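An overview of the molecular structure
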Amino acid sequence: MIVTSAVRHAAAGTAAVLFVLPVPAATASPVTSVVPVTSAASAVSGLPGASAASDASGASRREPTQPVRHHVDPARLDRKGTQVQPLPGAPSVPSLSALSWVVADASSGEVLAARNAHRKLPPASTLKALFALTALPHHEPSEQHTVADSELTGIGDGSSLVGVKEGYTYKVSDLWNGVFLSSGNDAVHVLAAMNGGWESMSRQMQDKARSLGAMDTHVVSPDGYDAPGQVSSAYDLAVFGRAGLQDPEFTRYCSTRYADFPAGSWSYGIANTNRLLTGENGVARYPGLLGIKNGYTSNAGNTLISAARRGDRTLVVSVMNPQGGGGLAVYEEARELLDWGFEAVEQVQPVGSLLPAHTKAAAGADSRAVSVPREGAAAKAMAVGKAEAAAKAEAVGKAEAVGKAEAAGNAPRGGAEAAAVPGKDSAAGAAPSGASVGLPLALVGSACAAALALWARRRRSVDRVS
């Protein structure tokens, strides 16, 4: 009974020692797992003893401030008239005659200003930009194709042509030069035939437009020729232009000023009909212009998608059906919008975005995901705290577990806290070595065992004397 009582007292004393014993600082293991510094700081901030380390390196470990996101009213571009949000000192938006126009940042997709952005109008040959986005990926530029007579049927009267002939063999790159430079409807018909036919091409283009978030466009004739019900908008045309600039092949074709077009055993030169690109026929060339596509029909009037680069900034502009200034007005009004956009790019708030809705949602999810690692670390720290408390309670209540401190006490205590509390000198919250944490606790257990053995020997000596 006396021995049992002594053991109980020794066990209780050992449990008390373990309960108040401070956890030694862990050192980093040679093999470390990379954890963001900010997540590590967040994980230890809620644990006892962590505030000092957090304060010492708080400035370097604090999460960076999130970039300010502009609030954009999604319905603003649906309104009629000119939409712009100038900051103090911003240049005035040019007064243009076009029925509809958009100027946007090609990188971010932010719309800097617009007029009647979603007004549905005939697009003319600017629709060829959507045709190229849809059909370009399906054939290599070096692929050769011999034109059949059936592929040139159904071309509308008065269509612009590059001179494709049945029975002739062309490289796919030659046909695309015919589309972009000469706006050749004959080249469009051949490429459409190579991609499933005229009706199939129309459906593919419609699907492509929807995937890009261009909801105003209705495709009837893939070459942009006037057809009942065929419409687009300045917003959609800007979307097509921006998407095209993401494709180096598209960009190369749309920015080519001159090329040779084959005609059997010889070839002839063709020039891009975009005068803002070539600087011909009374229109000065715009510096840094990248194309993209111009168009004209009697029903649509003049239409144009343009893009230009200045420094590290690229803008995309769409202009539909100017009402004054003759056939050159579409180029001059696009020039005015580009000039204004480069001057105002840091002095206006965006009024919309060219990004499709699902892309905007994904971008929002990405921004919210920044806090996920921090929350995960905090939850882990809380779980560790609960495990530690449970281990201590078990040590007090079960004497036999205390007697085996290394086996039943040290492993949970050392392992859990080693995972949650990185060492102060750890560069990136590296996982500490479990052996270095468990060693002092093992010594405590051994000391307690030795004390019990010594007490038992002295007790036996006393019994003999008595």
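Since this is a predicted model, take the numbers as computed values, not measurements.

1. Considering the overall build of the chain
The secondary structure content of the chain amounts to 17 helices and 12 strands. Among the 466 residues that make up the chain, the fraction classed as buried is 46%. Carbon and sulfur atoms make up 56% of the accessible area of the chain, which amounts to about 22900 Å² in all.

2. Topic: helix H6 (residues 172-180)
Across the 9 residues that make up H6, a large majority, 9, are buried. Of all the residues in H6, the buried ones are Val-172, Ser-173, Asp-174, Leu-175, Trp-176, Asn-177, Gly-178, Val-179 and Phe-180.

3. Concerning helix H8 (residues 198-211)
With 14 residues, H8 ought to run about 20 Å at 1.5 Å a step, and its terminal C-alpha atoms sit 20 Å apart, in line with that. Those residues of H8 that fall on the buried side of the exposure criterion are Ser-200, Met-201, Ser-202, Met-205, Gln-206 and Ala-209. Contact partners of the buried residues in H8: helix H5 (128-135), helix H7 (185-194) and helix H9 (234-245). Immediately beyond the C-terminal end of H8, within one or two residues, lies Gly-213, with a positive phi of roughly 85°.

4. Considering unusual backbone geometry
A positive phi angle, near 50°, is found at Asn-116, a position not held by glycine. Mapped onto the secondary structure, Asn-116 falls in the loop between strand S3 (110-115) and H5. Of note, the phi angle at Asn-321 is positive, near 55°, even though the residue is not glycine.

5. Examining the packing of H5 against H8
One way to put it is that H5 packs onto H8 with a least axis distance of 9 Å and a crossing angle of 95°. The angle between the axes of H5 and H8 places the two elements in the roughly perpendicular class. Contacts between H5 and H8 pair Leu-130, Phe-131, Leu-133, Thr-134 and Ala-135 from the former with Met-201, Gln-204, Met-205, Lys-208 and Ala-209 from the latter. Residue composition of the contact of H5 with H8, by class: 7 nonpolar, 2 polar and 1 charged.

6. Structural notes on the pattern of salt bridges
Evaluation of the coordinates by the stated rule reveals 4 salt bridges. Here Glu-346 ties to Arg-313 by a salt bridge, and the two come within 2.7 Å at their closest N and O atoms. Here the residue Glu-346 occupies a position in the loop between helix H12 (329-344) and strand S11 (348-349), and Arg-313 occupies one in strand S10 (residues 313-322), the gap between them amounting to 33 residues. The partly exposed category is assigned to Arg-313, whose relative accessible area is 24%. Across the salt bridge formed by Arg-335 and Glu-332, the nearest N and O atoms sit 3.0 Å from each other. Of the two residues, Arg-335 and Glu-332 are both situated in helix H12; the distance of 3 residues between them amounts to about one turn of the helix. It is possible to trace a salt-bridge network through shared partners that takes in Asp-105, Arg-313 and Glu-346.

7. Description of the nonpolar core
The biggest cluster of nonpolar side chains holds 62 residues, and the ones touching the most others in it are Phe-131, Val-164, Trp-176, Phe-240 and Phe-250. Ranked by residue count, the leading element in this core is H9, at 8 residues. If we skip the residues at most four places from it in the chain, Phe-131 touches Trp-176, Val-188, Leu-191, Ala-192, Met-201, Met-205 and Pro-222. With 27 residues, the next largest nonpolar core counts Ala-308, Val-319, Tyr-331 and Val-348 among its residues.

8. Some thoughts on the pairing of strand S6 (residues 258-263)
As paired strands, S6 and strand S7 (residues 266-271) are joined by 6 bridges and run antiparallel to one another. Residue pairing in the sheet places Pro-262 in a bridge with Ser-267 of S7. Two successive antiparallel strands, S6 and S7, enclose a turn made up of 2 residues, where Gly-264 displays a positive phi of approximately 80°.

9. What to know about the side chain of Thr-303
By the element assignment, Thr-303 lies in strand S9 (residues 301-310). For Thr-303, a relative accessible area of 1% gives the class buried. Here the side chain of Thr-303 touches Pro-123 through a polar contact of 2.9 Å, landing on its backbone oxygen. Discounting chain neighbours no more than four positions away, the residues touching Thr-303 are Pro-122, Pro-123, Ala-124, Thr-126, Asn-294, Gly-295, Val-319, Met-320, Asn-321 and Val-330.

10. Brief notes about the pairing of S9
Side-chain direction in a regular strand flips from residue to residue, so the side chains alternate between the two faces of the sheet. Judged by how many residues are buried, S9 sits mostly within the fold: 8 of 10 residues are covered. Pairing analysis gives 7 bridges linking strand S8 (residues 289-297) to S9, with the strands arranged antiparallel. In the strand pairing of S9, Thr-297 is matched with Gly-301. Linking S8 back to S9 in an antiparallel pair, the connection comprises 3 residues. In this structure, S9 lies alongside S10, joined through 8 bridges in antiparallel fashion. Looking at S10, one finds that Arg-309 is bridged to Thr-314.

11. Let's talk about the confidence of the model for the chain
Per-residue pLDDT for the chain has a mean of 76; in total, 61% of the residues score no lower than 70. In this model, residues 15-69 is a region of pLDDT below 50 whose contacts with residues beyond four sequence positions or in other chains number 63 contacts.

12. Overview of the packing of aromatic side chains
Summed over the entire model, instances satisfying the criterion amount to 8 aromatic pairs. Ring centres of Tyr-168 and Tyr-170 lie 6.4 Å apart, and the angle between their planes is 25°; on these two criteria the pair is classed as stacked. When its relative accessible area of 34% is taken as the criterion, Tyr-168 is described as partly exposed. Given a relative accessible area of 1%, Tyr-170 falls into the buried group.

About the criteria used
Residues numbered from 1 in each chain as written. Predicted model: local features only at pLDDT ≥ 70, side-chain atom pairs only at ≥ 80, totals over all residues. Heavy atoms only, no water. Helix = DSSP H or I, 4+ residues; strand = E, 2+ residues; numbered from the N terminus. Buried < 20%, exposed > 50% of the residue type's maximum accessible area, 1.4 Å probe, protein only. Areas by Shrake-Rupley, 256 points an atom, 1.4 Å probe, with all protein chains shown as cover. Expected span 1.5 Å × (residues − 1). Contact = heavy atoms within 4.5 Å. Axes fitted to C-alpha atoms, helices over the stretch in contact; angles between N-to-C directions. Parallel < 35°, antiparallel > 145°, perpendicular 65-115°, else oblique. Nonpolar A, V, L, I, M, F, W, Y, C, P; charged D, E, K, R; others polar. Salt bridge = Lys/Arg side-chain N within 4 Å of Asp/Glu carboxyl O. Core = buried A, V, L, I, M, F, W, Y, C linked by side-chain atoms within 4.5 Å. Pairing = 2+ DSSP bridges. Polar contact = N/O pair within 3.5 Å; in protein donor to acceptor, adjacent residues only side chain to side chain. pLDDT = per-residue confidence, 0-100. Phe/Tyr/Trp six-rings, centres within 6.5 Å; stacked < 30°, edge-to-face > 60°.

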